[in-house]
Amino acid sequence: MTTAEVKPPVLTIGPLAWLRKNLFSTWYNIALTLLAIWLLSALLEPAIQWGTTEARWGVIKANLTLFMVGQYPRSQIGRVWLTVYLLAGLIGLSWGVWKNAARGFALIAVSAGAAFTMIALFFRWDAWTQWLLAEAILLIFYFIGLYLPRGTLITAVAWFLYFPFVFLVIGGSKYIATLPPVPSNLWGGLLLTLLLTIVGNFGALPLGILLALGRRSKLPVIRYFSIGYIEIIRGVPLITILYTAAILLPYFLPIDVRPSQVIRAMIGFVIFEAAYQAENVRGGLQAIDRGQYEAAHALGLNGTQTTILIILPQALRMVVPALFNSFISLFKDTSLVALIGLFEIVRIARSILAQTEWLGTHREVFLFAFIIYWVFNLAFTYGNRRVEEALGVGKR
Amino acid sequence: MRENNVSQEIIICRDVHKWFDHFHVLKGISLTVQKGEVIVIFGPSGSGKSTFIRCLNRLEEHQKGQIIVDGIELGNDIRNVEKIRQEVGMVFQQFNLFPHLTVLQNITLAPAWVRRTPKEQSRELAMQLLKRVGIPEQADKYPAQLSGGQQQRVAIARALAMQPRIMLFDEPTSALDPEMIKEVLDVMVELAKSGMTIVAVTHEMGFARAVANRMIFFDKGEIVEQGTPQQIFNNPQNDRTKLFLSQILHH
């Protein structure tokens with residue numbers, strides 16, 4: 001007798017089946033569903049009422065540029081756009097070169113660009129042309145990426161150069177006539193928030209890796225230094241580190257070196273975040289089986305090669321969720337720099353509320369700030385998932 | 001220090017001792033292995049046989065006595081140790097493949113970084129080795145996608161990629177499901193017949209009978225008895241050897 005082929009049970013899918021199964025399966029389930037609908041509408045109705053009639057959304061429209069770049073000189077705003085165009089080009093290039101691996105990010109960027117274009121058109125904000133241009137650049141570079149020889153190398157190098165380049169373009173230099181210096185106390189809004197997040201995190205990660213390795217070092221000097229650093233920094237609140245960086249840092253530096261408040265804040269974030277990233281990475285290092293070291297040594301790899309080629313890639317892959325967690329935390333913690341006089345999103349929001357014509361628009365302004373944070377965090381969360389999938393976290 | 005350049009003695013151990021804290025795990029092991037010899041070490045668990053084989057490429061440090069491998073004495077000089085490790089391949093009970101690398105990358109890693117072999121050449125060698133162990137079609141998979149037997153064969157190919165003069169096997173089939181043991185043993189037998197010097201800790205008596213030149217019985221940190229497979233199987237001298245053989249052969 002041959003074994004009859006057994007098919008898996010057919011799943012009923014579709015919205016109606018889903019509704020019946022999850023919301024209306026029993027009498028008390030029906031009751032709970034109805035109760036929930038009533039509660040939601042009771043709560044949401046006033047909010048929708050407010051949002052469509054009372055709210056003065058004009059405050060957002062009037063201050064959108066302030067939200068995005070703070071006091072950045074309006075005559076120089078093309079430089080911020082330049083960094084956006086470059087980013088669009090890089091995303092397009094990555095999409096073309098890496099295809100599926102970068103497609104998700106590219107689609108997010110395309111839809112974000114489209115959304116910004118629509119919003120700008122809706123608010124009669126003249127920036128819609130720039131957003132459209134960014135979209136066009138992204139698509140053009142996608143096609144370039146498809147046919148670029150040695151695309152992987154070029155794209156990787158371009159990403160690597162992008163961040164220093166952003167600093168040059170935003171900050172300017174007295175040696176470049178077309179890019180006059182813009183003092184960093186004029187950087188603000190979303191621009192400042194993103195710069196602090198990116199510098200804080202990407203500066204802290206290498207330092208954190210070194211500290212994590214140092215904490216496991218056989219040399220007592222290195223080990224105790226690492227432990228001391230991590231435990232002291234983790235033992236104090238971020239705001240005290242930011243104050244220290246803002247007020248005390250100049251005393252430790254030569255008299256003619258006076259980093260601006262933004263640079264001090266960045267240093268503070270790097271110092272702070274490194275301690276946490278070190279502990280994240282250490283968690284990954286501890287999870288590596290002893291057999292991995294033995295196999296690497298048995299093949300004749302030396303200590304450094306073993307660490308860089310075998311141990312770190314596995315340890316970092318294992319702690320991707322923790323690294324992203326810290327990344328997101330830091331993104332939100334940038335709001336603390338409002339307290340040392342920098343105009344990031346929250347401080348901008350408060351300054352808008354001080355404008356006499358927009359008195360009493362707390363709800364609109366903070367709702368908007370809330371949405372900015374939330375949308376970016378959605379993107380980071382999505383990025384986290386994609387990175388985990390690409391690296392096969394927990395699968396291999 | 002180089003000695004015995006002319007002779008064929010590729011591993012020389014003289015009165016090797018090791019302690020784990022106060023536990024005396026190796027109590028004066030002396031053993032000489034000739035080039036091309038196949039040695040099978042067996043004995044009860046905790047007898048020190050794995051510790052001994054791991055001393056031969058200094059994954060464990062011996063505290064007394066002398067170990068000379070391929071003319072170089074193992075000591076605290078890390079460069080000597082790394083040089084020895086390039087000449088001595090090792091296969092582990094738990095495979096210890098690198099899970100973040102593909103099969104091919106696992107094999108080409110050490111030749112590329114330690115021997116500085118050009119990419120194309122090490123790739124070619126890796127494919128040859130994968131053919132030799134019978135799984136060239138798995139080259140681009142990750143270790144977790146392979147069966148235990150396939151993983152262990154990749155591990156053997158990885159060790160061979162360094163073109164070692166000696167291969168150490170530390171219970172290579174103990175973590176395998178029964179139906180996969182044969183495919184690994186077949187590779188080991190082929191390797192033994194090709195003239196490779198092999199020191200293997202294993203309880204696969206069929207393997208020992210087929211290719212071992214010498215069998216060594218370890219118990220309580222000492223070499224209790226050694227001899228050819230015929231001597232050991234047909235006419236064991238020591239009572240502990242007899243007892244142990246009766247335990248592993250009659251079940």
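Quick note: structure is the one above.
Residues numbered from 1 in each chain as written. Chains lettered and ligands numbered in written order. Predicted model: local features only at pLDDT ≥ 70, side-chain atom pairs only at ≥ 80, totals over all residues. Heavy atoms only, no water.

1. Describing the overall build of chain A
Here is step 1: Check the secondary structure of chain A and you find 16 helices and zero strands.
Here is step 2: Counting only C-alpha atoms, chain A reaches 85 × 65 × 50 Å along its principal axes.
Here is step 3: Among the 396 residues that make up chain A, the fraction classed as buried is 41%.
Here is step 4: Taking the contacts inside chain A whose residues are at least 6 apart along the sequence as the reference set, 73% of them involve residues at least 24 apart.
Here is step 5: Summed over its atoms, the accessible surface of chain A is roughly 22500 Å², and 71% of this surface lies on carbon and sulfur atoms.
Here is step 6: Taken as two groups, the 30 positive and 17 negative side-chain charges of chain A have centres that lie 5 Å from each other. (Helix = DSSP H or I, 4+ residues; strand = E, 2+ residues; numbered from the N terminus. Buried < 20%, exposed > 50% of the residue type's maximum accessible area, 1.4 Å probe, protein only. Contact = heavy atoms within 4.5 Å. Areas by Shrake-Rupley, 256 points an atom, 1.4 Å probe, with all protein chains shown as cover. Lys, Arg positive; Asp, Glu negative; His and termini not counted. Charge placed at Lys NZ, Arg CZ, Asp CG, Glu CD.)

2. Some points on the overall build of chain B
Here is step 1: Counting its secondary structure elements, chain B contains nine helices and ten strands.
Here is step 2: Its C-alpha atoms give chain B a radius of gyration of 18 Å, near enough to 18 Å, the size a compact globule of 251 residues would have.
Here is step 3: Projected onto the principal axes, the alpha-carbon positions of chain B cover approximately 55 × 45 × 35 Å.
Here is step 4: Looking at chain B as a whole, 57% of its 251 residues are labelled buried.
Here is step 5: Here the contacts in chain B between residues at least 6 apart in sequence split such that 66% fall between residues at least 24 apart.
Here is step 6: Working note: accessible area of chain B is about 11300 Å², and carbon and sulfur atoms make up 46% of it.
Here is step 7: Distance from the positive charge centre (29 side chains) to the negative charge centre (28 side chains) of chain B: 3 Å. (Rg over C-alpha atoms; globule rule 2.2 N^0.38 Å.)

3. Section: the layout of surface pockets
Here is step 1: Taken as a whole, the second largest pocket encloses approximately 1200 Å³ of empty space.
Here is step 2: Along the walls of the second largest pocket sit 34 residues, with R216, K218, Y293, H297 and G303 of chain A positioned nearest its centre.
Here is step 3: Breaking the lining of the second largest pocket down by element, the ones donating at least two residues are α8 (189-215), α9 (220-234), α12 (290-298) and α13 (303-318) of chain A together with α2 (78-87) of chain B.
Here is step 4: Broken down by class, the residue content of the lining of the second largest pocket amounts to 13 nonpolar, ten polar and eleven charged. (1 Å grid on protein atoms, 1.4 Å probe; cavity = no way out; pocket = protein on both sides within 12 Å on 5 of 7 lines; lining within 4 Å. Points joined across faces, edges and corners; volume = space filled by probe spheres on them. Nonpolar A, V, L, I, M, F, W, Y, C, P; charged D, E, K, R; others polar.)

4. Focus on helix α6 (residues 128-147) of chain A
All names here are of chain A.
Here is step 1: With 20 residues, α6 ought to run about 28 Å at 1.5 Å a step, and its terminal C-alpha atoms sit 30 Å apart, in line with that.
Here is step 2: Along α6, the positions that sit buried rather than exposed are W131, A134, E135, I137, L138 and G145. Down the axis, α6 shows its buried residues gathered within 160 degrees of arc, on one side only.
Here is step 3: Looking at the packing, one finds that the buried side of α6 touches α4 (77-98) and α5 (100-122). (Expected span 1.5 Å × (residues − 1). Arc of directions from axis to C-beta.)

5. A closer look at the environment of L299 of chain A
Here is step 1: Turning to its location among the elements, L299 of chain A is positioned in the loop between α12 and α13.
Here is step 2: Sequence separation of L299 of chain A and L312 of chain A is 13 residues, and the distance between their C-alpha atoms is 18 Å.
Here is step 3: With sequence-adjacent residues up to four places away left out, L299 of chain A is seen in contact with R85, F98, A110, V114, R158, A159 and M162 of chain B.

6. What about α5 of chain A?
Residues and elements named next belong to chain A.
Here is step 1: Taking 1.5 Å per residue as the helical rise, α5 with its 23 residues ought to reach 33 Å, and the 33 Å between its terminal C-alpha atoms agrees with that figure.
Here is step 2: All buried positions along α5 are accounted for by A102, G104, A106, A109, G113, T117 and A120.
Here is step 3: On its buried side, α5 packs onto α4, α6 and α16 (362-391).

7. Observations regarding the sheet that holds strand β10 (residues 222-227) of chain B
Residue and element names in this part refer to chain B.
Here is step 1: Ordered in space as β6-β7-β8-β3-β9-β10, the six strands form an open sheet in which the pairing is mixed. Taken across any chain shown, the strands that pair with only one partner, and hence form the sheet edges, are β6 (88-91) and β10. Taken over all neighbouring pairs, the strand axes of this sheet differ in orientation by 20 degrees on average, direction set aside.
Here is step 2: By the bridge criterion, five bridges tie strand β7 (residues 166-170) to strand β8 (residues 197-201) in an arrangement that is parallel. Its bridge partner lying in β8, F169 is registered against A200.
Here is step 3: Helix α5 (residues 148-160) rests against β6 and β7 of the sheet, and its axis sits at about 170 degrees to β6. (Pairing = 2+ DSSP bridges. Axes fitted to C-alpha atoms, helices over the stretch in contact; angles between N-to-C directions.)

8. As for the packing of α5 of chain A against α16 of chain A
Residue and element names in this part refer to chain A.
Here is step 1: In the contact formed by α5 and α16, the axes pass within 10 Å of each other and the chain directions differ by 170 degrees. With respect to α16, the element α5 is oriented roughly antiparallel. Of the residues in α16, those touching α5 at N100, A101, G104, F105 and I108 are Y382, G383 and R386.
Here is step 2: When its residues are assigned to classes, the contact of α5 with α16 shows four nonpolar, three polar and one charged. (Parallel < 35°, antiparallel > 145°, perpendicular 65-115°, else oblique.)

9. Quick look at the pattern of salt bridges
It is possible for side chains of opposite charge to pair when their charged atoms get near one another.
Here is step 1: Scanning the model with the defined rule gives 20 salt bridges over all chains in all.
Here is step 2: With a closest N to O distance of 2.6 Å, E294 of chain A and R54 of chain B form a salt bridge. Taken as a pair, E294 of chain A in helix α12 and R54 of chain B in helix α1 (residues 49-55) lie in two separate chains rather than in one.
Here is step 3: Between R240 of chain B and D219 of chain B there is a salt bridge whose closest N-O contact spans 3.0 Å. You can see R240 of chain B sitting in helix α9 (residues 239-249) and its partner D219 of chain B sitting in strand β9 (residues 214-219), a full 21 residues away along the chain.
Here is step 4: Residue R240 of chain B is classed as partly exposed on the basis of its relative accessible area, which comes to 32%. (Salt bridge = Lys/Arg side-chain N within 4 Å of Asp/Glu carboxyl O.)

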